[in-house]
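# Topology and contacts: notes
One letter stands for each residue in the lines below.
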Amino acid sequence: MATEGRALSPRIRDLAGRLASHDAEVPHIPKDTRHAAVAMCLRESRQLEILFIRRADDPRDPWSGHMAFPGGRVEPWDDSPFHAAVRETREEVDVHLEEDGLIGNLSPVRAPHRGRRAPLLVHPYVFNVSSETRTRPDAREVQETLWIPLRFFLQDAKREEMTWQYGGQTFKLPSFDYDGRRIWGMTLRMLDELLSIVT
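The notes below deal with the structure included here. (Residues numbered from 1 in each chain as written. Predicted model: local features only at pLDDT ≥ 70, side-chain atom pairs only at ≥ 80, totals over all residues. Heavy atoms only, no water.)

### With respect to the side chain of Ser175
Quick note on the threshold: Helix and strand definitions follow DSSP, with helices as H or I runs of at least four residues and strands as E runs of at least two, each counted in order from the N terminus. Counting of polar contacts relies on pairs of N or O atoms within 3.5 Å, with two restrictions inside protein: one atom must be capable of donating a hydrogen and the other of accepting it, and residues adjacent in sequence are counted only when both atoms are side-chain atoms. By definition, residues are in contact when any of their heavy atoms lie within 4.5 Å.
Within the secondary structure, Ser175 sits in strand β10 (residues 169–178). Among the polar contacts listed, one links the side chain of Ser175 to the side chain of Arg182, at a separation of 3.0 Å. Residue contacts for Ser175: discarding those within four places in its chain leaves Lys158, Arg159, Glu160, Glu161, Met162, Arg182, Ile183, Trp184 and Leu188.

### Some thoughts on the packing of helix α1 (residues 10–20) against helix α4 (residues 185–198)
Convention followed: Orientation is described by axes fitted as lines to C-alpha atoms, over the contacting stretch for helices, and by angles from 0 to 180 degrees between their N-to-C directions. By the definition adopted for this analysis, an angle is roughly parallel if under 35 degrees, roughly antiparallel if over 145, roughly perpendicular if from 65 to 115, and oblique otherwise. The handedness criterion is simple: a crossing whose near helix is rotated anticlockwise from the far helix by less than a right angle is left-handed, and one whose near helix is rotated clockwise is right-handed. Throughout, the ten residues Ala, Val, Leu, Ile, Met, Phe, Trp, Tyr, Cys and Pro are labelled nonpolar, Asp, Glu, Lys and Arg are labelled charged, and all others, Gly among them, are labelled polar.
Contact pair α1 / α4: the axes reach a minimum separation of 9 Å and the direction vectors enclose 110 degrees. Here α4 runs roughly perpendicular to α1, going by the angle between their axes. Judged by the twist between their axes, the crossing of α1 over α4 is right-handed. In this structure, α1 contributes Leu15, Arg18 and Leu19 to the contact, and α4 contributes Leu194, Ile197 and Val198. Tallied by class, the residues present in the contact of α1 with α4 amount to five nonpolar, no polar and one charged.

### Some words on the pairing of strand β9 (residues 159–166)
Counted only if it meets this: The pairing criterion for strands is at least two bridges between them, as found by DSSP.
Here β9 pairs with β10 via eight bridges, running antiparallel. Of the residues in β10, the one forming a bridge with Tyr166 is Gln169. Between the end of β9 and the start of β10, which pair antiparallel, lie two residues, with Gly167 showing a positive phi angle near 60 degrees.

### Examining the packing of aromatic side chains
Aromatic ring pairs are described here by two measures, namely the spacing of the ring centres and the angle between the planes. To keep things clear, this is the line we draw: Any pair of Phe, Tyr and Trp rings, taking the six-membered ring for Trp, is counted once the centres come within 6.5 Å. Such a pair is stacked with planes under 30 degrees apart, edge-to-face with planes over 60 apart, and tilted for the rest.
All chains considered together, the criterion is met by eight aromatic pairs. Among the aromatic residues, those joined into a cluster by ring pairs are Phe52, Phe69, Phe152, Phe153, Phe176 and Tyr178.

### Considering the sheet that holds β10
Pairing within the open sheet is antiparallel, and its three strands lie in the order β9-β10-β11. The sheet is open, and its two edges are formed by β9 and β11 (181–184), each paired on a single side. Strand-to-strand twist across the sheet, computed as the mean angle between neighbouring axes with direction ignored, equals 50 degrees. Bridge count for β10 against β11 is four bridges, and the pairing is antiparallel. From the neighbouring strand, Tyr178 faces β11, where its bridge partner is Arg181. Across the sheet, α4 lies against β9, β10 and β11, angled at about 70 degrees from β11, the strand it touches most.

Below is the structure:
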């Protein structure tokens with residue numbers, strides 16, 4: 001955690017402490033694994049909010065149009081997944097993250113294995129950003145950005161099942177519906193881990 005030198009609100013300081021003592025699960029990583037990283041950006045104004053993006057529609061993107069956190073693949077020029085999360089957030093939504101804004105990380109999440117491609121592991125990092133933080137999404141990658149209050153996700157009545165069809169099969173999966181925007185899958189798994197720490 002690199003929050004020394006930055007003034008933290010009591011809520012963010014409490015969350016940073018919980019993240020520091022949280023045991024993130026480290027899965028077995030096969031040799032051919034590809035890596036990606038996302039930034040879970042929290043800002044506090046009247047309440048604690050978390051930044052989501054809705055990905056641009058792109059037939060080449062398996063997560064086209066999905067709700068997600070800013071982020072992307074770790075490229076050869078990235079020093080680490082952390083640096084990939086910082087770079088991708090700047091490129092996608094023009095939010096400039098600093099190392100002293102990092103308040104913790106969560107368990108890496110395996111992406112669904114599609115076809116012959118190597119497995120993909122996504123590393124989530126949690127950042128504290130200024131309450132004045134605004135986004136400027138790159139339309140080539142992001143349709144829109146939303147700051148959603150964490151309080152919304154802590155109301156169990158908002159959680160519901162969704163139907164997803166893949167490979168000729170139908171699945172019932174948990175999700176949140178925020179004004180018609182469905183949050184599910186890997187993004188929900190990361191969010192659920194954060195919510196378990198917040199509560």
